[in-house]
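Observations on chain architecture
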Amino acid sequence: MTKIKIGIIGSGGMARHHLTRFSTMETADLIAIASRNEQTGTQLAKEHKTAFIPEWNRLIEREDIDGVVICTHNDSHGEIALAALQADKHVFVEYPLASDISEGESALRLAEKQGLVLRVSHPEAVSNTHKALKQRIAELGDLLLTSFVRLTPGRGARPEILFNLPVSGTPAHFFIYHIYPIVDFFGGATSVKKNAVYEGLRENGQYDRFVNTLTVEFKRGGIGQWTWAGGVAINAAEEHERYVLTEGTISDASGDWHSTTLSGVTPLSIPDSPQPTLQELWFSEIRDAADHPPNLEDAAVALEAIRISLASD
Ligand SMILES: NC(=O)c1ccc[n+]([C@@H]2O[C@H](COP(=O)([O-])OP(=O)(O)OC[C@H]3O[C@@H](n4cnc5c(N)ncnc54)[C@H](OP(=O)(O)O)[C@@H]3O)[C@@H](O)[C@H]2O)c1
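Heads up: these notes are all about the structure in this document. Predicted model only: the values in this text are computed from it and were never measured.

Attention shifts here to the packing of aromatic side chains. Applying the stated criterion across every chain yields a total of 17 aromatic pairs. Where Phe163 meets Tyr207, the ring centres are 5.5 Å apart and the plane angle is 55°; that geometry is what we call tilted. With Phe163 in the loop between helix H7 (159-162) and helix H8 (165-168) and Tyr207 in the loop between strand E8 (189-199) and strand E9 (209-218), this residue pair connects regions lying 44 residues apart in the sequence. One exposure class covers both Phe163 and Tyr207, and it is buried. With a centroid separation of 5.9 Å and an interplanar angle of 40°, the aromatic rings of Phe186 and Tyr243 are classed as tilted. Separated by 57 residues along the polypeptide, Phe186 in helix H10 (residues 176-186) and Tyr243 in strand E11 (residues 238-245) bring together distant segments of the chain. Of the residues examined, Phe186 reaches a relative accessible area of 3% and is grouped as buried. Residue classification places Tyr243 among the buried positions, given a relative accessible area of 0%. Here the aromatic cluster, defined as three or more aromatic residues joined through ring pairs, consists of Tyr95, Phe174, Phe175, Tyr177 and Trp228.

Written out as structure tokens, the structure reads:
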């Protein structure tokens, strides 16, 4: 089978993660890694016996690359994705799709116009749990309320990434992966209300502790609420999620999904059918794009999700 030639931008945790996956795929041909960080970039390129390029725009203009994998911080995803699509490359971009709605919209339009694949790294496309939840939600009537709470303890190994407004955006934007699945279930919002409180916010945009809440009204009806609190006095991260529908409620109490109706409580049955990895899915979409226009539905959900997360600015 013909190999697909790829370039990776960024040389941190997610670049490593994707490289580990691509390196097991016989059809992947890694042409180069670009990163502003020369030390980690050259090290990663050495480990994968590939070329290192300091500037990402030099990588995307190469004619021997079919697709670009963007693993930089949130503040550059949109710009790099747009530039890569303009250079006629298929794109796999870490979430969030962009930190500017018009960049996200332009990326989607360009991918559609040029018949290019634009895949954002949201894993729901290959998740049996997500598919089972989507099916159960469809069986339980109309949405009344969905609520999501995430409590994150003190700062991690790279605190500047989450606790940094200019680089990552608000916590709602950093935690876009909590918004995406709910938008995939219920679609876009007609209105977004937000509240954000930061403790220890400094001039450079870093802070020590936050509480960020969002409330949306979905176009199809129902209310969505997300709450994030970070840097709080809790030992380990905690998450709680609920879907209250007219015919029943789905919740993730005790770590397992259950639905409750007037006839009782039922565990959510999750099939264990094998799923491709996101990287394999992207490759199959690139191959298919030779014959017909790519399906950009997931990218459109990613765009709706940033419309909500960025409304919280
Ligand atoms: N899909 C998932 O499960 C998942 C999980 C975690 C994170 N993410 C997302 O993935 C992205 C990367 O996260 P990470 O944990 O890999 O971060 P990371 O370890 O800090 O790595 C980011 C890399 O990109 C480089 N970089 C940043 N901005 C750049 C730019 N404008 N031009 C060129 N290189 C640039 C960084 O260089 P420096 O070393 O100089 O900063 C670093 O090499 C983030 O957007 C994050 O939200 C996704």
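Okay, the pairing of E11 next. The pairing of strand E7 (residues 143-152) with E11 spans eight bridges and is antiparallel. Looking at the pairing, Phe148 lines up with Glu241 of E11. With four bridges joining them, E11 and strand E12 (residues 248-251) adopt antiparallel strand pairing. Bridging from a neighbouring strand, Leu245 pairs with Gly248 of E12. Two successive antiparallel strands, E11 and E12, enclose a turn made up of two residues.

Calculation rules
- Residues numbered from 1 in each chain as written.
- Predicted model: local features only at pLDDT ≥ 70, side-chain atom pairs only at ≥ 80, totals over all residues.
- Heavy atoms only, no water.
- Phe/Tyr/Trp six-rings, centres within 6.5 Å; stacked < 30°, edge-to-face > 60°.
- Helix = DSSP H or I, 4+ residues; strand = E, 2+ residues; numbered from the N terminus.
- Buried < 20%, exposed > 50% of the residue type's maximum accessible area, 1.4 Å probe, protein only.
- Pairing = 2+ DSSP bridges.

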